Amino acid sequence: MTIWINGQAREVPEGITLAALLASLEVGGPGVAVEVNAEVVRRARHPEYQLSPEDRVEIVTFVGGG
Amino acid sequence: MSVQDKPLVISGVTFQSRLIVGTGKYPSHEVMKRCHEASGAEMVTVAVRRLDLAAKGEASLMSWIDRSRMRLLPNTALCYTADDAVRTCRLAEELGMSKWVKLEVLGDEKTLYPDVEETLKAARVLVKEGFTVLPYTSDDPITARKLEDVGCAAVMPLAAPIGSGLGIRNPHNIRLIRETVKVPVIVDAGVGTASDAAIAMELGVDAVLMNTAIAGAKDPVRMARAMKLAIEAGREAFLSGRIPRKAYASASSPLEGLVE
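Quick caveat, the model's predicted, so the values are computed rather than measured.

Peer 1: Just checking my understanding: could you explain the overall build of chain A for this structure?
Peer 2: Looking only at helices and strands, chain A features 1 helix and 5 strands. Counting helices and strands in the order they occur from the N terminus, chain A gives β-β-α-β-β-β. Relative to its length of 66 residues, chain A is compact, with a C-alpha radius of gyration of 12 Å against a globular reference of 11 Å. For chain A, the C-alpha atoms occupy an extent of roughly 40 × 25 × 20 Å along the three principal directions. The buried share among the 66 residues of chain A stands at 44%. Taking all contacts inside chain A whose residues are at least 6 apart in sequence as the whole, residues at least 24 apart take part in 54%. As displayed, chain A offers around 3200 Å² of accessible surface, 51% of which is attributable to carbon and sulfur atoms. Here chain A carries 5 positive and 9 negative side-chain charges, and the mean point of each set is 8 Å from the other.

Okay, structure coming up:
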């Protein structure tokens, strides 16, 4: 299925969990936060959260700013 | 005799330093860390952005921030709607494990002036969700009062446009804001050099937030120290009670006893 990660289309297995997606991208831990369809998905829910086709996933981190 | 200064308290948290600094635009993370140390600041702003998925294993910003002494203040920089700002704050909470945010909702790319209507809208939502909201705002005392009324923990009027280094363009309004609200007033944006920071503090504001003035200086670490000293000097001068301005001279030495 196709999902959108940080604005880019990507093919992922049907029903992949957020935790599995992050593992495949080699990101995770306390340094990243994740939104799906404009709603934050808390870290504790990543293992059970299943993605659906066309989901818009945003993976963010802290960067320098004023 | 001398007025004992009280430390800055924002939403129940005490700060010894009245300088808040940013984490953007430094020549390197290492220079940033040294600037943070030299500034004496106890709170730093950070921004929330998409993770660069291609840049795996790069040393993150966070490893260069001493969180044992620095409180994080995530911002909503470059958000143009209340909804985007609220979303960013929720992400920041997940990232920083804290509900403190610098709310910044801008109105236009040229001036980066705050959209106070959207800022108020976002502030209402965030306060309701339990966030400690420090809003960047215009130097307008009425907006400052409204932000206080909706429950913001401080108000942060601009001195001049973000990154402009133009200094305190409207000292009268900054003073009016200090008189109008009870929450801490933090001058945010527009400071260019140490005297600007001192002038802000002499007006009686509680703290100053800056980024570019330090990060963009030729010697950022030295400027960070200059800002620390200026903040302290300005605060001391404010507490001292300056002499009134007079139109004519008034001799400092005795008028009597001149040799003839």
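Peer 1: What should I look at first to understand helix H6 (residues 194-202) of chain B in this one?
Peer 2: Helical periodicity: at 3.6 residues per turn, an α-helix aligns residues three or four positions apart in one direction. All names here are of chain B. Restricting attention to buried positions, one finds in H6 the residues Ala194, Asp196, Ala197, Ala198, Ala200 and Met201. On its buried face, H6 sits against strand S9 (186-188), strand S10 (207-210) and helix H8 (220-240). In the stretch just after H6, glycine 204 is the one whose phi turns positive, near 100°.

Peer 1: Got a minute to help me understand the side chain of Asp196(B) in this structure?
Peer 2: Residue and element names in this part refer to chain B. Along the chain, aspartate 196 turns up in helix H6. Look at aspartate 196: it is buried, it has no salt bridge, and the nearest opposite charge is arginine 169 at 7.2 Å. Apart from residues lying up to four places away in sequence, aspartate 196 is in contact with Gly165, Gly167, Ile168 and Val191.

Peer 1: Sorry, what's going on with the pattern of salt bridges here?
Peer 2: Residue and element names in this part refer to chain B. Enumeration over the complete set of coordinates arrives at 14 salt bridges over all chains. One salt bridge connects glutamate 104 with lysine 102, and the closest N-O pair in it is separated by 3.5 Å. The residues glutamate 104 and lysine 102 share a single accessibility class, namely buried. The partner of lysine 121 in a salt bridge is glutamate 118, with the nearest N and O atoms 3.6 Å apart. On the criterion of helical spacing, the pair formed by lysine 121 and glutamate 118 is a turn pair, its members being 3 residues apart in helix H3 (residues 116-128).

Peer 1: Just to check I follow, could you spell out the packing of aromatic side chains for this structure?
Peer 2: Pairs of aromatic rings are described using the distance from one ring centre to the other and the angle between the two planes. This structure, assessed with the given rule, holds 1 aromatic pair over all chains. Positioned above the aromatic ring of Tyr136(B) is the side chain of Lys102(B), whose terminal nitrogen or guanidinium carbon lies 5.7 Å from the ring centre.

Peer 1: What should I look at first to understand the confidence of the model for chain B in this one?
Peer 2: For any part of a model where pLDDT is low, the fine detail of the predicted coordinates should not be relied upon. For chain B, the average pLDDT comes to 96, and 97% of its residues sit at 70 or higher. Overall fold confidence (pTM) sits at 0.95, and the ipTM for the predicted complex is 0.96.

Peer 1: Sorry, what's going on with the environment of Leu95(B) here?
Peer 2: As for its placement among the helices and strands, Leu95(B) is situated in helix H2 (residues 82-96). Distance from Leu95(B) to Gly24(B), taken between C-alpha atoms, is 18 Å for residues 71 residues apart in sequence. Each residue touching Leu95(B), except ones within four places of it in the same chain, is listed here: Pro30(A), Gly31(A), Val32(A), Ala33(A), Arg43(A), Val60(A), Thr61(A), Phe62(A) and Val48(B).

Cut-offs applied
Each chain has its residues counted from 1, running along the sequence as written. Lettering for chains starts from A, numbering for ligands starts from 1, and both go in the order in which the items are written. Only residues with pLDDT of 70 or above have their local features reported here, since the model is predicted, and side-chain atom pairs are shown and tallied only from 80 upward, although totals for entire chains, interfaces and linings are computed over all residues. Neither water nor hydrogens contribute to the side-chain values; these are computed over all heavy atoms in the structure. Here a strand is any run of E in DSSP of at least two residues, a helix any run of H or I of at least four, and the numbering for each starts at the N terminus. It is over C-alpha atoms that the radius of gyration is taken, and the globule rule equals 2.2 Å times the number of residues to the power 0.38. Burial here depends on accessible area, computed with a 1.4 Å probe over protein chains only, as a share of the maximum for the residue type. Under 20% is buried, over 50% is exposed, and the range in between is partly exposed. The criterion used for residue contact is that any of the two residues' heavy atoms lie within 4.5 Å. The accessible surface values rely on the Shrake-Rupley method and a 1.4 Å probe; as for residues, cover is taken only from the protein chains in view. Residues counted as positive are Lys and Arg, residues counted as negative are Asp and Glu, and His and the chain ends are not counted. One atom stands in for each charge, and that atom is NZ of Lys, CZ of Arg, CG of Asp or CD of Glu. What counts as a salt bridge is simple: a side-chain nitrogen of Lys or Arg found within 4 Å of a carboxyl oxygen of Asp or Glu. Any Phe, Tyr or Trp ring, taking Trp's six-membered ring, that has another such ring centre within 6.5 Å forms a pair; planes under 30 degrees apart are called stacked, those over 60 apart edge-to-face, and the others tilted. Note on criteria: charge over ring means Lys NZ or Arg CZ within 6 Å of the ring centre, with the direction from the centre no more than 35 degrees off the ring normal. Confidence of the predictor at the level of single residues is captured by pLDDT, which takes values from 0 to 100.

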